[in-house]
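Structural description and commentary
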Amino acid sequence: MILVTGANGFVGHKIMEMCRDTIAAPSLRNATQEYIDSIIEESGADVIVHTAAISDIGACQADPDGSYIANVRLPLLLAHASKGRKLICFSSDQVYSGCREEGPYSEDMAKPGNLYAQQKLEMEKRVLELIPDAVMLRAEWMYDYYLKRSNYFMNILNAKETVSFSSRQYRGITYLKEVAENMEKVIALPGGAYNFGSETTVSMYDISREFMDLLGKKVTLENIPPRHNLWMNCDKAKKNGITFSTALDGLKRCAADYHLIS
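Cut-off values and rules
- Residues numbered from 1 in each chain as written.
- Predicted model: local features only at pLDDT ≥ 70, side-chain atom pairs only at ≥ 80, totals over all residues.
- Heavy atoms only, no water.
- Helix = DSSP H or I, 4+ residues; strand = E, 2+ residues; numbered from the N terminus.
- Buried < 20%, exposed > 50% of the residue type's maximum accessible area, 1.4 Å probe, protein only.
- Contact = heavy atoms within 4.5 Å.
- Expected span 1.5 Å × (residues − 1).
- Pairing = 2+ DSSP bridges.
- Axes fitted to C-alpha atoms, helices over the stretch in contact; angles between N-to-C directions.
- Phe/Tyr/Trp six-rings, centres within 6.5 Å; stacked < 30°, edge-to-face > 60°.
- 1 Å grid on protein atoms, 1.4 Å probe; cavity = no way out; pocket = protein on both sides within 12 Å on 5 of 7 lines; lining within 4 Å.
- Points joined across faces, edges and corners; volume = space filled by probe spheres on them.
- Nonpolar A, V, L, I, M, F, W, Y, C, P; charged D, E, K, R; others polar.
- Core = buried A, V, L, I, M, F, W, Y, C linked by side-chain atoms within 4.5 Å.

Focus: the side chain of Ser203
By secondary structure assignment, the location of Ser203 is in the loop between strand E9 (192–196) and helix H9 (204–215). Exposure remark for Ser203: the relative accessible area of 0% places this residue in the buried category. In this structure, Ser203 is in contact with Ser166, Ser167, Arg168, Gln169 and Tyr170, ignoring residues within four places of it in sequence.

Structural data, given as structure tokens:
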């Protein structure tokens, strides 16, 4: 049985939809250790997939204490409560936001460049200190045809006049369906942090240009200066059987799944 936190959220709802033997955790906002202990014990789960977080970088900067509770303290409470169960926590490619090398980045190159990234990296390290066989998934910018939350796919579909990306910014983007498809293999991973998602050899500007051409989207693609690269090398996950489409092939698959292309 898999207990999923954040089961109504962007990532959690897809895991609940696609993976077998899942159970949704109730809201853990302001949860105590005792409350979390009881939820996990009563669930009968042998795997915990923790997707709940405050992932908006601006929101974290505006409320650092609140984001610390959500992004660090809550996963630590889950770690203390897991008691031999497999714990999988979603982290973020933002842990590379302070890197100045060109990339792609391997797991040992993390250098956070914002508060959210700092909290995610602290969470990884402290949970792994408690539970060395826990799995930290450094997930990329995930997308789907999903109306409740802004994401790359919907941003392109809904663009009216201009889309802006840099020809010098490299970042993998990942189809959420492929995240859920990989969860069975994720459960079997040895403990540690893993770069998790689609790889790319081209820039976000070039990915966007090809995807817009594929869709027949007639808006202006503006080439802007790069902010930072979040460009990950996913060899560690691949060696353990975790595979994704390339960034562009994932977009093509998503568009075909929703009958936007033939």
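What follows picks up the thread again.
Re H9
Taking 1.5 Å as the rise per residue, H9 with twelve residues should run 16 Å; its terminal C-alpha atoms sit 16 Å apart, in good agreement. Along H9, the residues classified as buried are Met204, Tyr205, Asp206, Ile207, Ser208, Phe211 and Met212. Elements that come into contact with the buried residues of H9 comprise strand E6 (141–143), helix H6 (152–158), strand E7 (162–165), strand E8 (173–175), strand E10 (220–223) and helix H11 (247–257). At the C-terminal side of H9, Gly216 shows a positive phi close to 70°.

Things to note about the sheet that holds strand E4 (residues 86–92)
With respect to topology, six strands assemble into an open sheet ordered E2-E1-E3-E4-E5-E9, the strand pairing being parallel. Two strands lie at the open edges of the sheet, namely strand E2 (22–24) and E9, each paired on one side alone. Between one strand axis and the next, the sheet turns by 25° as a mean value, whatever way the strands run. As judged from the three bridges shared by strand E1 (residues 2–5) and E2, these two strands associate in the parallel manner. In the strand pairing of E2, Ile2 is matched with Thr22. Here helix H1 (residues 10–18) sits on the sheet in contact with E1, E2, strand E3 (47–50) and E4, set at roughly 140° to E2. Of the strands in this sheet, E1, E3 and E4 are in contact with helix H4 (residues 64–82), which crosses E3 at around 180°.

Side note on the packing of aromatic side chains
A complete count under the given rule lists twelve aromatic pairs for this structure. Taken together, a centroid distance of 5.5 Å and an interplanar angle of 20° make the contact between Tyr96 and Tyr105 stacked. On the basis of relative accessible area, Tyr105 is assigned to the buried category, the value being 0%. Here Phe196 and Phe244 contribute two aromatic rings whose centre-to-centre distance is 5.0 Å and whose plane-to-plane angle is 85°, an arrangement assigned as edge-to-face. Of the two residues, Phe196 sits in strand E9 while Phe244 sits in the loop between helix H10 (235–239) and H11, which places them 48 residues apart along the sequence. Members of the aromatic cluster, joined through ring pairs, are Trp141, Tyr143, Tyr152, Phe153, Phe165, Tyr175 and Phe211.

A word on the pairing of strand E5 (residues 135–139)
Judged by how many residues are buried, E5 sits mostly within the fold: five of five residues are covered. As paired strands, E4 and E5 are joined by five bridges and run parallel to one another. Counterpart to Ser91 in the pairing with E5 is Arg138. Where E5 lies against E9, five bridges are found, and the strand directions are parallel. Looking at the pairing, Ala139 lines up with Phe196 of E9.

A closer look at the layout of surface pockets
One number sums up the size of the second largest pocket: a volume of about 240 Å³. Along the wall of the second largest pocket there are 13 residues; nearest its centre are Ile2, Cys19, Arg20, Glu184 and Ile187. Put simply, the parts of the chain that give the lining of the second largest pocket at least two residues each are helix H7 (176–181) and helix H8 (183–187). Residues belonging to the lining of the second largest pocket are distributed by class as follows: eight nonpolar, no polar and five charged.

As for the nonpolar core
In summary, soluble globular proteins display a tendency toward joint burial of nonpolar side chains. Formed by 26 residues in total, the largest nonpolar core has its most connected members in Phe90, Val186 and Phe196. Contributing elements (two or more residues each) for this core: E1, H1, E3, E4, E5, H7, H8 and E9. Once you skip the residues sitting within four places of it in the chain, Phe196 turns out to touch Phe90, Leu137, Arg138, Ala139, Glu140, Val179, Asn182, Val186, Met232, Cys234, Ile242 and Phe244.

Some words on unusual backbone geometry
With an omega of 5°, the peptide bond between Gly103 and Pro104 qualifies as cis. In this model, Asn30 sits at a positive phi of 60°, which is unusual for a non-glycine residue. Its location among the elements puts Asn30 in the loop between E2 and helix H2 (33–43). Classification of Asn30 by relative accessible area gives exposed; the value is 67%. One non-glycine residue with positive phi stands out, namely Lys83, at about 45°. Within the secondary structure, Lys83 is located in the loop between H4 and E4.

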